[in-house]
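Secondary and tertiary structure notes
Here is what each chain is made of, one letter per residue.
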Amino acid sequence: MKYVLGLTGPTGAGKTDACGVAEELGFYVINCDLVARKAADEAACLDALSEAFGRDILNSDNTLNRAALAKKAFSSRDNTNLLNKTIFPFILKLLKEEIKGSESEKILLDAPTLYEAGADKLCDDVCAVLSDKAVRKKRIMLRDSISDQAAELRMSAGKPDEYYKEKTQNIIYNDKDKEAFKTEFKNLLLKLMGGK
């Protein structure tokens, strides 16, 4: 029986550190952002996206122009919702295939939009990593080499902490030093698996 843990939380909270801990404990980590990229390259998904956003999101060779799509998709909350509604079914299909095809008994889905995509239904447990806004902003600016303003925009596009607190009781805060967080997350994982 496979054990699937969903890992979610806002951008800059420190999910990457948590994934490293899970890998050390033998988890197979599925990066859902990479799965989303793969899904967006599939013909059926490209058709659905170009129908929703127009043919000008495609390059001359009919591949996806990610910058053109991003410009349209993130221009309003309605457009972001339309993007999600269009692409999530394709992502879920690929996730199910990857979980089924994995030889590992322990799988972690690293998914910023886990609930929005409905991928929480594929999980036995869900854990959310949260962090102080100022800490997150600093991390995002460093990670993506972007300005204070750009980091603010990215953060405001995401869900507030309350959203995650309402969805799962497995909340872990990443405001302390890295090692303290890793130890805390490791203990949470062991508790959740309960000897699985």
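First, a word on scope: everything that follows refers to the structure included in this document. Just so it is clear, the structure is predicted and the values come from calculations on it, not from any experiment.

**Overview of the pattern of salt bridges**
Summed over all chains, the structure comprises eight salt bridges. Between Asp 17 and Lys 178 there is a salt bridge whose closest N-O contact spans 3.7 Å. Within this pair, whereas Asp 17 is found in helix α1 (residues 15-24), its partner Lys 178 is found in helix α10 (residues 178-193), the two being separated by 161 residues in sequence. Put simply, Lys 137 and Glu 152 hold a salt bridge, and the shortest N to O gap is 2.8 Å. On the criterion of sequence distance, the pair formed by Lys 137 in helix α7 (residues 133-144) and Glu 152 in helix α8 (residues 148-156) is long-range, its members being 15 residues apart. Residues participating in the shared-partner salt-bridge network are Lys 137, Asp 148 and Glu 152.

**Side note on the side chain of Lys 15**
Mapped onto the fold, Lys 15 is located in helix α1. Ignoring any residue separated from it by four or fewer positions in sequence, one finds Lys 15 in contact with Leu 7, Thr 8, Gly 9, Pro 10, Asp 110, Pro 112 and Val 129.

**A word on unusual backbone geometry**
At Asn 62, a residue that is not glycine, the phi angle is positive and equals roughly 70°. Mapped onto the elements, Asn 62 comes out in the loop between α3 (43-53) and α4 (66-73).

**What about a positive patch on the surface?**
A cluster of basic residues, Arg 77, Lys 121, Lys 159 and Lys 167, forms a positive patch at the surface. When you line up the elements, Lys 167 lands in helix α9 (residues 161-167). The exposure class assigned to Lys 167 is partly exposed, which follows from its relative accessible area of 43%.

**Focus: the packing of α4 against helix α5 (residues 77-101)**
One way to put it is that α4 packs onto α5 with a least axis distance of 8 Å and a crossing angle of 125°. Here α5 runs oblique to α4, going by the angle between their axes. Here Leu 69, Lys 72 and Ala 73 of α4 lie close against α5, whose contacting residues are Asn 79, Thr 80 and Leu 83.

**Points about the pairing of strand β1 (residues 3-8)**
For a regular strand, side-chain orientation follows a simple rule: the groups alternate between the two sheet faces. The element β1 is largely enclosed, with a buried count of six among its six residues. Here β1 shows a buried face lined by Tyr 3, Leu 5 and Leu 7 and a second buried face lined by Val 4, Gly 6 and Thr 8. Here β1 runs beside strand β3 (residues 106-110); their pairing, made up of five bridges, is parallel. Residue pairing for β3: Tyr 3 is matched across the bridge by Lys 106. Both β1 and strand β4 (residues 125-130) contribute to a ladder of four bridges, which runs parallel. Along β4, the bridge assignment pairs Leu 7 with Cys 127.

**What to know about a negative patch on the surface**
A cluster of acidic residues, Glu 23, Glu 24, Asp 177 and Glu 179, forms a negative patch on the protein surface. Within the secondary structure, Glu 179 is located in helix α10.

**Brief notes about the nonpolar core**
Within the largest apolar cluster, 38 residues are counted, with the highest numbers of intra-cluster contacts made by Leu 49, Leu 69, Ile 91, Leu 95 and Leu 109. Counting residues per element, the ones that place at least two in this core are α2 (32-40), α3, α4, α5, β3, α6 (114-117), β4 and α9. With nine residues, the single largest contributor to this core is α5. Setting aside its immediate chain neighbours within four residues, Ile 91 contacts Val 35, Ala 36 and Ala 39. Membership of the second largest hydrophobic core comes to 21 residues, among which are Leu 5, Ala 18, Phe 185 and Leu 192.

**So, the packing of aromatic side chains**
Under the counting rule described, the total for this entry stands at four aromatic pairs. Note on Phe 181 and Phe 185: the rings are 6.2 Å apart at their centroids and 15° apart in plane angle, and the pair reads as stacked. A residue pair is termed a helical-turn pair when its members lie 3 or 4 positions apart in one helix, as Phe 181 and Phe 185 do in helix α10 at four residues. The residues Phe 181 and Phe 185 share a single accessibility class, namely buried. Among the aromatic residues, those joined into a cluster by ring pairs are Tyr 115, Tyr 163 and Tyr 164. Positioned above the aromatic ring of Tyr 163 is the side chain of Lys 159, whose terminal nitrogen or guanidinium carbon lies 5.2 Å from the ring centre. Just above the ring of Tyr 115 sits the side chain of Lys 167; from NZ or CZ to the centre is 5.4 Å.

Procedures and definitions
- Residues numbered from 1 in each chain as written.
- Predicted model: local features only at pLDDT ≥ 70, side-chain atom pairs only at ≥ 80, totals over all residues.
- Heavy atoms only, no water.
- Salt bridge = Lys/Arg side-chain N within 4 Å of Asp/Glu carboxyl O.
- Helix = DSSP H or I, 4+ residues; strand = E, 2+ residues; numbered from the N terminus.
- Contact = heavy atoms within 4.5 Å.
- Patch = residues over 30% accessible without salt bridge, like charges linked within 9 Å, V, L, I, M, F, W, Y side chains within 5 Å.
- Areas by Shrake-Rupley, 256 points an atom, 1.4 Å probe, with all protein chains shown as cover.
- Lys, Arg positive; Asp, Glu negative; His and termini not counted.
- Charge placed at Lys NZ, Arg CZ, Asp CG, Glu CD.
- Buried < 20%, exposed > 50% of the residue type's maximum accessible area, 1.4 Å probe, protein only.
- Axes fitted to C-alpha atoms, helices over the stretch in contact; angles between N-to-C directions.
- Parallel < 35°, antiparallel > 145°, perpendicular 65-115°, else oblique.
- Pairing = 2+ DSSP bridges.
- Core = buried A, V, L, I, M, F, W, Y, C linked by side-chain atoms within 4.5 Å.
- Phe/Tyr/Trp six-rings, centres within 6.5 Å; stacked < 30°, edge-to-face > 60°.
- Lys NZ or Arg CZ within 6 Å of the ring centre and 35° of its normal.

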